[in-house]
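What follows is the residue order along each chain.
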Amino acid sequence: MTEHKTPLKVLLLSPNKPAPTGSGGIIAAYGHGASVAQAGYQVEFAVPFPKGNAADIGYPVHFLEEEAPSQQAQIKWFGELLKTVKPDFVWLFHFNHWDLFAPYRQFYPHAILLGDPEWQTQLIRAQFRHPQRSLGRKFLDYLALLQTVRCFKAEEKRVITEAHQYGVVASFSVYDTPGMSQRSGVPAIHNCPLAFPDWGERAEATSQGKPQALMLGNLNGAQTRTGLRFFFTEVWPHWVNHVDPPRSIVRIVGKGKLPDYFPHPQDHEKLEWIGFVPSLEDEWNQATAVLVPVPIEQGIRTRIVEAWSKAAPVIAHPSAEAAIPEMKAGVNYLAAIAAEEWIAALRRLESDPAFARTIAQNGRRTYEQFYAVEPGAARFGKLMQLAFERFQAKHREAGK
């Protein structure tokens, strides 16, 4: 076992290059490390692929130098990194790279934080395949999907079982935790919500133009596509034909590209496809509301927490409450399912600035109380203490 020092050194193995801005996984990895640092530990990251355009985040980040390395090369790299860094504790973010650490799990106290179940993500992605495939192709794809789901479920169970042998297993979604426990047979899976950097409250809008409704997301992502399809299928047709529609221009901002066969709406003066922008500050500052129309319970909606941090009003599908139970409709966000509800919610924010500020400030307080780095530090610190104790107890049982 490692001899402890002060402060204890933590190595965080992440499948994402950590950064305070970007897609959900990138932000989550950064918030994870920042929370562990806030809890009083010295943090370093390990990312098993080349550096590329990684951000300078204020913590040491170790990257592989080899392009497209084999798994054996990654395992060797991580083993050498453990010898060099000499961590007192190892955190793993999701199970993507568990096998890099698995050979060393008896020697380092550790915990793993699981994200969205990959098999569920595969089911969502399958909904966006080309609709004009032949029946034979669809059948073969269906069989392949079933096999992929089985493999990911088996992988999930194996990783949870192995990680639980000497360490602590946690899930960042209260919605997913019970299912992971049931599928793996490991009852002691903890719930540990993510923590997020403080992006700071937005500046007051300075534009004299029309109000704007902001939709953020990676257009390559399954959840973003699910939300866009729902919005443009169920909401937008009523929106543009309404006798008294919202005044806001809907702006879709984010990197990535939708496939050509994705159901794009026709061009409209109230719809703007912006794509990637190097800075979101102006978008946040001008947003009358942030729209989050993803109608599924899986996964945490990072943009809701980000909007809360920025003190921007949120209109969202209430399915997001499954993973963010702190969401309270009419208090820190406005809930909408039917098209008329989306239209009415945005019109109220447009016409009642005082109410919009109340919703936004309540969101900001929710962020500070539950999702900022400081409360995150308490959660991660508690789990680490449990992991230290479990690791020591397991070694005592084995007589080591």
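The structure under discussion appears in the preceding block.
Residues numbered from 1 in each chain as written. Predicted model: local features only at pLDDT ≥ 70, side-chain atom pairs only at ≥ 80, totals over all residues. Heavy atoms only, no water.

*Asks:* Describe in detail the overall build of the protein chain, supporting the description with residues and values.
*Replies:* Counting its secondary structure elements, the protein chain contains 12 helices and 13 strands. For 400 residues, the compact-globule estimate of 2.2 N^0.38 gives 21 Å, and the C-alpha radius of gyration of the protein chain, at 22 Å, lies within 12% of that figure. Projected onto its principal axes, the C-alpha positions of the protein chain cover 75 × 55 × 40 Å. Burial analysis of the protein chain (400 residues in total) assigns 54% to the buried set. (Helix = DSSP H or I, 4+ residues; strand = E, 2+ residues; numbered from the N terminus. Rg over C-alpha atoms; globule rule 2.2 N^0.38 Å. Buried < 20%, exposed > 50% of the residue type's maximum accessible area, 1.4 Å probe, protein only.)

*Asks:* Outline the packing of helix H7 (residues 222-240) against helix H10 (residues 339-351), supporting the account with residue identities and numerical values.
*Replies:* As a packed pair, H7 and H10 sit with axes 8 Å apart at the nearest point and diverge in direction by 65°. When the axis of H7 is compared with that of H10, the two are roughly perpendicular. Considering how the two elements wind past one another, H7 and H10 form a crossing that is right-handed. Facing Phe230, Glu234, Val235, His238 and Trp239 of H7, the residues of H10 in contact are Ala339, Trp342, Ile343 and Leu346. Of the residues that constitute the contact of H7 with H10, the class distribution is 7 nonpolar, 1 polar and 1 charged. (Axes fitted to C-alpha atoms, helices over the stretch in contact; angles between N-to-C directions. Parallel < 35°, antiparallel > 145°, perpendicular 65-115°, else oblique. Left-handed = near helix turned anticlockwise from the far one by under 90°. Contact = heavy atoms within 4.5 Å. Nonpolar A, V, L, I, M, F, W, Y, C, P; charged D, E, K, R; others polar.)

*Asks:* So what's going on with the sheet that holds strand E9 (residues 249-253)? Which residues, and what values?
*Replies:* Here we have 6 strands laid out as an open sheet, ordered E10-E9-E8-E11-E12-E13, and parallel in their pairing. Because the sheet does not close on itself, it has two edges, and the strands there are strand E10 (271-275) and strand E13 (334-335). In this structure, strand E12 (residues 314-316) lies alongside E13, joined through 2 bridges in parallel fashion. Among the inter-strand pairings, Ala316 is bridged to a residue of E13, identified as Ala335. Contacts from H7 reach strand E8 (212-216), E9, E10 and strand E11 (287-292) within the one sheet, and its direction differs from that of E9 by about 165°. (Pairing = 2+ DSSP bridges.)

*Asks:* Describe in detail a nonpolar patch on the surface, supporting the description with residues and values.
*Replies:* Taken together, Phe139, Leu140, Tyr142, Leu143 and Leu146 make up a surface patch of nonpolar side chains, about 480 Å² in accessible area. Examined against the element boundaries, Phe139 turns out to sit in helix H5 (residues 135-166). (Patch = residues over 30% accessible without salt bridge, like charges linked within 9 Å, V, L, I, M, F, W, Y side chains within 5 Å. Areas by Shrake-Rupley, 256 points an atom, 1.4 Å probe, with all protein chains shown as cover. Salt bridge = Lys/Arg side-chain N within 4 Å of Asp/Glu carboxyl O.)

*Asks:* Let's hear about the pattern of salt bridges: which residues, and what values?
*Replies:* Scanning all chains against the criterion turns up 17 salt bridges. As a salt-bridge pair, Arg137 and Asp141 come within 2.8 Å of each other at their nearest N and O atoms. Remark: Asp141 and Arg137 occur in helix H5; sequence separation between them is 4 residues, near one turn of the helix. Its relative accessible area of 13% is what places Asp141 among the buried residues. The shortest N-O distance in the salt bridge between Arg158 and Glu155 comes to 3.0 Å. Of this pair, Arg158 and Glu155 both sit in helix H5, 3 residues apart, which is roughly one turn of that helix. The class for Glu155 is partly exposed, based on a relative accessible area of 25%.

*Asks:* How would you explain the packing of aromatic side chains if you had to name every residue and give the values?
*Replies:* A full pass over the atoms with the stated rule returns 21 aromatic pairs. A centroid spacing of 6.4 Å and a plane angle of 20° characterise the contact between Phe93 and Phe172, whose relative ring orientation is stacked. With Phe93 in strand E4 (residues 89-93) and Phe172 in the loop between strand E6 (168-171) and helix H6 (177-184), the pair connects residues that are 79 residues apart, well separated along the chain. Across the pair, exposure class does not vary: Phe93 and Phe172 are buried alike. Three or more aromatic residues joined by ring pairs form one cluster here, namely Phe231, Phe232, Trp236, Trp239, Trp273 and Trp342. (Phe/Tyr/Trp six-rings, centres within 6.5 Å; stacked < 30°, edge-to-face > 60°.)

*Asks:* Quick one: what's the story with the pairing of E6, residue by residue and with numbers?
*Replies:* Neither face of E6 is left uncovered, since the one carrying Val168 and Ala170 and the one carrying Val169 and Ser171 both have all their residues buried. As paired elements, strand E5 (residues 110-114) and E6 share 4 bridges and run parallel to each other. When the sheet's bridge partners are listed, Ile112 is paired in E6 with Val169. Direction of pairing for E6 relative to strand E7 (residues 189-191): parallel, over a ladder of 3 bridges. If you follow Ala170 over to E7, its bridge partner there is His190. Taken together, E6, H6 and E7 constitute a β-α-β crossover, and its handedness is right-handed. (Right-handed = clockwise from strand over helix to strand, strands pointing away.)

*Asks:* Tell me about the sheet that holds strand E1 (residues 9-13), residues and numbers included.
*Replies:* An order of E3-E2-E1-E4-E5-E6-E7 is seen for the 7 strands of this open sheet, with the pairing classed as parallel. Pairing within the sheet leaves two strands with one partner each, and these edge strands are strand E3 (61-63) and E7. When strand polarity is set aside, the average angle formed by the axes of neighbouring strands in this sheet is 25°. In the sheet, E1 pairs with E4 via 4 bridges, with the strands oriented parallel. Bridge pairing in E4 links Leu11 to Val90. Sitting on the sheet, helix H2 (residues 71-85) touches E1, strand E2 (42-47), E3 and E4, and the angle it makes with E1 is about 165°.

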